[in-house]
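Here's the letter readout for the chains.
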Amino acid sequence: MYRRTALGLAAGALTLPARPSAAQNLDRPVRFVVPFAPGGTSDILARILAPDLTRAFGQNVVVENRTGAGGNIGADLVAKSPPDGHTLLIIDVSTLATAPSLYSRLPFDLKRDLAPVTMLIYAPYILAVHPSVPARNAAELVAFAKANPQRLNIGHAGIGVGNHLTGLLVAQHWGADLTQVPYRGGAAALTAVAAGEAQMLINGATATAPFCRQGTLRPIAVTGPARLPDFPDVPTFAELGWPAAQSGTWQGVLAQGGTPAPMVNRLATDIRAAMAVPATAERITALGAVNKAEGPESFRRWLDAEIEVWAAVVRANNIRLD
């Protein structure tokens, strides 16, 4: 795919990567724009990667949270930045993929103004409840939700984002009436449910698993292809026959749409090398995430397909945010 930056030691000497050409040069700090509040999956991942990327880029990587409008404010900032690779967006790209179908007028064109650099990780969603909810497993939760219409408030990271749409599909499948409560990002939703302000959420395992390990939240089910090692007794959506079994948080990096291909490739190479640093890879795995850094072309194909998938969900639920 793309040449990895050489970082290994050979015969006691450091093997340096080839000097970047002018079209690949990073000559000042790189901004890593997170379009959600601190504490969510995108923010956690950005801060894990920043030290390794600072070394790979040869420039400081500064994590900057720009919140609002379901991630669109941060995305628009990057879309309108100079096309030189110094301003990057790290986002749950499932959320980004819903934007064209949710808004008739976006301040940016997703396909024209943002250039996929590389996917980073896939982390499944955990469906979890506050311990006050009298349900210890999926069957009990469904029965309680159906018997108590609108009693369960389900918190999510914002209207139209991936976990909101997954929650809608699950509630429809159950035949239950849940009250959807939007927050300013996954971290805010987690805090609200942990405090009992809302009683349930579907959120990325990377940010949610620590709350479940502490007993602040009770895990009921997970998306993805397999049960999580930390929660071996918690079934998958697929085992339960629930929809959106492969939904989850897909984190990726995008640059401004006019960024030259050599720069995009250089960024992808360095990011993939940072993801492969053993200590960083171990931290990512410990968070319940899978490395999906496969470069620009794979990311572009995935994003195009995801836009179509979520557009169908948005149309079926008649969701508009204009």
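Residues numbered from 1 in each chain as written. Predicted model: local features only at pLDDT ≥ 70, side-chain atom pairs only at ≥ 80, totals over all residues. Heavy atoms only, no water.

Engineer: Would you mind going over unusual backbone geometry with me for this structure?
Structural biologist: Excluding glycine, residues mostly carry a negative phi; peptide bonds, for their part, are mostly trans. The backbone phi angle of Gln-150 is positive, close to 65 degrees, even though this residue is not glycine. You can see Gln-150 is positioned in the loop between helix 5 (138-147) and strand 7 (153-156). We note that Ala-244 has phi near 55 degrees; this positive angle belongs to a residue other than glycine. Here Ala-244 is to be found in the loop between helix 9 (237-240) and strand 11 (248-256). (Helix = DSSP H or I, 4+ residues; strand = E, 2+ residues; numbered from the N terminus.)

Engineer: Where do I start with the pairing of strand 7 in this structure?
Structural biologist: Every regular strand shows the same layout, with side chains that alternate between the two sheet faces. Neither face of strand 7 is left uncovered, since the one carrying Asn-153 and Gly-155 and the one carrying Ile-154 and His-156 both have all their residues buried. The sheet contact formed by strand 7 and strand 8 (residues 179-182) spans four bridges and is parallel. Directly across from Asn-153, in strand 8, lies its bridge partner Thr-179. Read from strand 7 through helix 6 (residues 162-174) to strand 8, the crossover connection turns out right-handed. As paired strands, strand 7 and strand 9 (residues 200-204) are joined by two bridges and run parallel to one another. Residue pairing across strands places Gly-155 opposite Leu-201, the latter belonging to strand 9. (Buried < 20%, exposed > 50% of the residue type's maximum accessible area, 1.4 Å probe, protein only. Pairing = 2+ DSSP bridges. Right-handed = clockwise from strand over helix to strand, strands pointing away.)

Engineer: Can you walk me through the packing of helix 3 (residues 93-102) against helix 12 (residues 296-316) in this structure?
Structural biologist: Between two packed helices, both the angle of their axes relative to each other and the distance between the axes serve to describe the pair. Axis separation between helix 3 and helix 12 bottoms out at 8 Å; the angle between their running directions is 55 degrees. The angle between helix 3 and helix 12 falls in the class oblique. Here helix 3 and helix 12 pass one another in a crossing that is right-handed. Contact with helix 3, carried on its side by Val-93, Ser-94, Ala-97, Thr-98, Ser-101 and Leu-102, involves Phe-299, Trp-302, Leu-303, Glu-306, Ile-307, Trp-310, Ala-311 and Val-314 of helix 12 and no other residues of that element. (Axes fitted to C-alpha atoms, helices over the stretch in contact; angles between N-to-C directions. Parallel < 35°, antiparallel > 145°, perpendicular 65-115°, else oblique. Left-handed = near helix turned anticlockwise from the far one by under 90°. Contact = heavy atoms within 4.5 Å.)

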